[in-house]
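Fold and contact review
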2 protein chains.
Amino acid sequence: MEKRKLQMMRGYMKEMAISAFIVPSNDPHFGEYIQEHFNCRTWLSGFTGSAGTLAITQTEAALWTDSRYFIQAEKELDGSGIELKKMRVAGTETIEQWIAQRLENNQSVGIDSSLFSFTEYNSLKLAFNNLNIQLCNDPFETIWTERPPLKFSPVSLLSEEYTGESVKSKHNRLKTLLNVEGQFLYIISSCDEIAWLCNIRGRDIPYNPLPLSYAAVSPEKIFLFVDSSSFTLQDKRALERDDVVIMPYDTFSSFITDYPERALRIANPDKISIRNYNSAVKGGARFQLDQIRGGAVTMLKAIKNQVEQEGFRKAMIHDGIAWVKTLRAIEEKLNSDKRVTEKDIATLFSDFRSLSPLYKGESFAPIVAFGSNAALPHYSPSSEDVLISKVGLLLMDTGGQYLCGTTDTTRTIAVGPLTYEQRRDYTLILKGMINLSKARFLKGTRGTQLDFLARGPISSSGKIYMHGTGHGIGHYLCVHEGPQSIRMEENPVAIEPGMVISNEPAVYQPGEYGIRIENVILCQKWMETESGIFNEFETLTFVPIDTNPVIRELLCDEEIKWLNKYHSMVFEKLSPALEPKEVDWLSDRCKEIN
Amino acid sequence: MEKRKLQMMRGYMKEMAISAFIVPSNDPHFGEYIQEHFNCRTWLSGFTGSAGTLAITQTEAALWTDSRYFIQAEKELDGSGIELKKMRVAGTETIEQWIAQRLENNQSVGIDSSLFSFTEYNSLKLAFNNLNIQLCNDPFETIWTERPPLKFSPVSLLSEEYTGESVKSKHNRLKTLLNVEGQFLYIISSCDEIAWLCNIRGRDIPYNPLPLSYAAVSPEKIFLFVDSSSFTLQDKRALERDDVVIMPYDTFSSFITDYPERALRIANPDKISIRNYNSAVKGGARFQLDQIRGGAVTMLKAIKNQVEQEGFRKAMIHDGIAWVKTLRAIEEKLNSDKRVTEKDIATLFSDFRSLSPLYKGESFAPIVAFGSNAALPHYSPSSEDVLISKVGLLLMDTGGQYLCGTTDTTRTIAVGPLTYEQRRDYTLILKGMINLSKARFLKGTRGTQLDFLARGPISSSGKIYMHGTGHGIGHYLCVHEGPQSIRMEENPVAIEPGMVISNEPAVYQPGEYGIRIENVILCQKWMETESGIFNEFETLTFVPIDTNPVIRELLCDEEIKWLNKYHSMVFEKLSPALEPKEVDWLSDRCKEIN
């Protein structure tokens, strides 16, 4: 099947005189999730993982993916004639090297110019200095005959009751931040930046409550390119009052070409496709890179206002209630020797979350991983279902989208007897999570500087997790957002008051177990002293942490104090909305340890 | 006086048609200390601080220096007609901005081409895009009539008993690291790189046991440019046997010009003057930047071999003995109400260190700072002497050069009653120092990631120190060396086994007190597990830490355990070489706390 598709692709390449073609897995908006319509790489290769890039020549094809997908890709690519290339494994060549070795000087490498950013295109140009890069239109429009059409679902305004700021005010703050004299056109391709700026939400993309859209911002107007039929007349009017001009989604490219040439074009080079860049500067308009780290709108969006912060706190209570109901249900089933599987638990989460009137869906694919399944950081209970038995650890990493905020929580619980090593690892992960939660730091401190607080305790046992400790979280937007992070790699962005970020140290014992404990934390100003301004974290997540596996001696008094205080807060926040039986259960789970 | 000198300088500038001239404070070897001969900026401006750059036009002059020197510079520049520019203070323009505002298009900015690195020159070119940069010879040769001549002191070989590696072996490892095919010439201007590579030491520069020298390394030979009369005949022969060719110091520039053109020139862009770069490429020779972080030799030098490590341990014992004698003497004087001043204490250190047959001098200007003097991070008891009275804290930061290693230790001791705040700050600084000492971390971890271990505890009280936590330390070489560091700013160099580094968190309460506790630590491989290779630190410094100020409740059990173990080791290492009275004293200072 895939072989026939590859042949069609090669036919297209021949016709276009292209010797190699690169098929990435993103869409023109450069977000984390894509619509089926854009899933050309899966259609062509048969590999269904979320991350992977395919390269094709007339005689060969190869797919690059990361360690999360090695086993799955091997299975799915079997017999396809596509070779698996394991990324970040010693000796694996890069896509550029692989192609360069197979082509001769001045042959052409084709790319869909709407799927490569300005930055990516320029890095390809550097890598392929003796090859041509041919910018193509989407080849799958012709060869993918049964391609699902683009889907546009209804879009709604998110009221200021939830956003805390009008579109006009955001527009003004963006202008101030850009600080450009005269006419400009700030070009945005990221659907979450646009959703934040225009106070709109949709459901065109899985897990992210976003409409497919582009935007171009002038000093006077926000030109919003969406499916205009997705709006109610009332919402359209409201947007117009805020100087938002609704335009058809597919007129974006010509709009930025035809816009008066005197307006300086500005865009984040990582988030504008080379196609749209070329459209924007056609006719000789000046272009300026957005110099703000991660992009101007991303930076504004990252700092949550008081209403958004309050919304997060509320969402966390609604989510905590669902967690308590789920955890209690799991325990009940196990205690009464009833059958319960990973998928059952994912369903429990979803069902209990749905009880909240503010709940809008999952914020990512739930991870419910029992025993050795939890040793895979991104496991999801998708293929065969797994029965939970009464031994070892169960890891659950799930989150919800609420009108007032987005949640992302991980708890690992003992469902039966544990080994000493499991208890020790559990305690060290908890220790790391607490250490980061308690941090107080000078304004300007970056995530890289704080990462070891969470990573240090487990390192002391000769173990480590290779992923980051913390990612930014959107407000009823993407569960992963920038520009801040807490990770080993340098990121020049400071952790600032108003930023919401996850705190999720972990450990993975291959073939045996995985432990991750994740709270969401909010940076707040702590105080100003003679030495400067100091910040700290407020913990937003309210879900009890299993204390059964804890080895008391491995935690110091300060850490125990934090844990007891946390549990007393969890009880205080959640108990008012719980049924008496649940209150009893929670009271037990939140009791102090000494 | 300085006005007359400025006038001479302006006369020189007029003659050369130069509109502005920049006088930095370094010499052509880009090290930390310089000979009097190179101290042109002090001669011209009257400002005696170690760091400062002067810019002069026909009508104005200004001097840029950092906060350490604001008060001193204000005093010394008074009446000179030179304006003080406070670096890193909001609103202070840069030298480049100051000059650009005063010059017209195509006017010339003069610099001594031997005092600006390739990197600095290129950054000036960028900043002065509409001005000419005129590369000059040293103008002070003519205008500074009583200039001290260059001084060359005897140079000696440091035997393999101390270095642990022959020059030939170092030469071979350098070739392997550079990994260049065919002929090359690796150009070195840093005296400490050369001293390490050639196993030589000298005393041409204060505190750093270095001969003034250049070197150029080919695949076959090391061309060493020094004052050849500084060597004994025997040492010359020994160097020749190791393929070191001794050449006159002042022939370096012509040598790298005349060297066969086919040899690729390689140099660290931060450590080659634009003059020597121009010499090296004259005639069209190819040039390649040294791609290794900090430079190839600096990287090799940073990883201490087993003999050097053992030498450090020995040096630390010799130094620890001097510390014990000094601390005891201070205490005795105070207890018997005898007069003791900051300078007296500096002399005590130097006298007691001199008892070691391996001692070669101080490794930096000793800091002995009583009370509010310690609130200045770089205080040195230079101007008025200060009597120690029996209240508050005394900070001592001193180090020695020993044939087998270099030391750098800071202790802060209570010389009388302390406030609660002093005791709390002291305990938090100690906590930070211990936290970093105990770190265990995955191979590849950078100093930036570990910095907060030391910085975090004092941050939790709303205070902070703005300097780094740790700097590399040379082996009987410079007390500050790269490429590694432990500091807030990103430094891509990993902390690797064999690297020696300081661990010195601190706090400064302006006008009141300063606290700094500094040990030297050595990175060692801890163990290899399924997760990878993990490293840890070995503490090298053996000097008791005052436990009197400690507030027990602020340290957790693990930290107390570390402290007790440390003191038991200090006692074990130092007591065998002490007199009975000193042993009693040390035993008391090393007693366990619970």
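These lines cover the structure that appears in this document, whether it is placed above or below. (Residues numbered from 1 in each chain as written. Chains lettered and ligands numbered in written order. Predicted model: local features only at pLDDT ≥ 70, side-chain atom pairs only at ≥ 80, totals over all residues. Heavy atoms only, no water.)

Along its length, chain A carries 19 helices and 28 strands. Relative to the globule expectation of 25 Å for 594 residues, the C-alpha radius of gyration of chain A, 25 Å, shows essentially globular dimensions. By principal-axis analysis of the C-alpha atoms, chain A measures approximately 70 × 55 × 50 Å. Split into buried and exposed, the 594 residues of chain A put 60% on the buried side. Sequence separation of 24 or more characterises 69% of the internal contacts of chain A that already satisfy a separation of 6 or more. Counting every atom, chain A has about 23800 Å² of accessible surface; 50% of that belongs to carbon and sulfur. Between the mean site of the 65 positive side-chain charges and the mean site of the 76 negative ones, chain A shows a separation of 1 Å. (Helix = DSSP H or I, 4+ residues; strand = E, 2+ residues; numbered from the N terminus. Rg over C-alpha atoms; globule rule 2.2 N^0.38 Å. Buried < 20%, exposed > 50% of the residue type's maximum accessible area, 1.4 Å probe, protein only. Contact = heavy atoms within 4.5 Å. Areas by Shrake-Rupley, 256 points an atom, 1.4 Å probe, with all protein chains shown as cover. Lys, Arg positive; Asp, Glu negative; His and termini not counted. Charge placed at Lys NZ, Arg CZ, Asp CG, Glu CD.)

Quick look at the side chain of Glu518(B) now. Residues and elements named next belong to chain B. With respect to the helices and strands, the residue Glu518 is situated in the loop between β26 (513-516) and β27 (519-529). Buried charged residue Glu518 carries no salt bridge. Nearest counter-charge: Arg516, at 5.2 Å. Contact partners of Glu518, with chain neighbours within four places excluded, come to Asp397, Asp408, Thr409, Thr410, Arg411, His471, Ser502, Asn503 and Glu504. (Salt bridge = Lys/Arg side-chain N within 4 Å of Asp/Glu carboxyl O.)

Residues and elements named next belong to chain A. Taken together, six strands build an open sheet; the order of strands is β4-β3-β2-β1-β5-β6 and the sheet is mixed. Since the sheet does not close on itself, it has two edges, and those belong to β4 (83-86) and β6 (132-136), each with one partner. Geometrically, the sheet is characterised by an average inter-axis angle of 25° between neighbouring strands, direction not taken into account. Where strand β5 (residues 108-112) meets β6, five bridges bridge the pair, whose relative direction is parallel. What sits directly across from Ile111, in β6, is Leu135. Across the sheet, helix α1 (residues 2-16) is in contact with β1 (20-23), β2 (53-57), β3 (61-65) and β6; its angle to β2 comes to roughly 60°. (Pairing = 2+ DSSP bridges. Axes fitted to C-alpha atoms, helices over the stretch in contact; angles between N-to-C directions.)

Our focus in this paragraph is the interface of chain A and chain B. Chain A puts 29 residues into the contact, and the matching count from chain B is 30 residues. Between chain A and chain B the total buried area reaches about 2200 Å² when both faces are included, carbon and sulfur atoms providing 60% of it. Among the residues chain A hides against chain B, the three largest losses belong to Gln449(A), Phe452(A) and Gly462(A). Together they make up 26% of the total. Connecting chain A to chain B are zero salt bridges. Connecting chain A to chain B are six residue pairs in polar contact (both at pLDDT 80 or more). Put simply, the parts of the chain that give the side of chain A that touches chain B at least two residues each are β21 (440-442), α17 (447-459) and β27 (519-529) of chain A. In terms of residues, the side of chain A that touches chain B owes the most to one element, α17(A), which gives eight residues. The residue makeup of the side of chain A that touches chain B, split by class, is twelve nonpolar, ten polar and seven charged. (Buried area = accessible area lost by both parts, 1.4 Å probe. Polar contact = N/O pair within 3.5 Å; in protein donor to acceptor, adjacent residues only side chain to side chain. Nonpolar A, V, L, I, M, F, W, Y, C, P; charged D, E, K, R; others polar.)

All names here are of chain B. Running from amino to carboxyl end, helix α14 (residues 306-335) crosses helix α15 (residues 342-353) at an angle of 140°, the nearest separation of the two axes being 9 Å. Classified by the angle their axes make, α14 and α15 are oblique. Remark: the crossing between α14 and α15 carries right-handed chirality. Across the interface between the two elements, Asp319, Ala322, Trp323, Lys325, Thr326, Ala329, Ile330 and Lys333 of α14 pack against Ile345, Leu348, Phe349, Phe352 and Arg353 of α15. Partitioning the contact of α14 with α15 into residue classes produces eight nonpolar, one polar and four charged. (Parallel < 35°, antiparallel > 145°, perpendicular 65-115°, else oblique. Left-handed = near helix turned anticlockwise from the far one by under 90°.)

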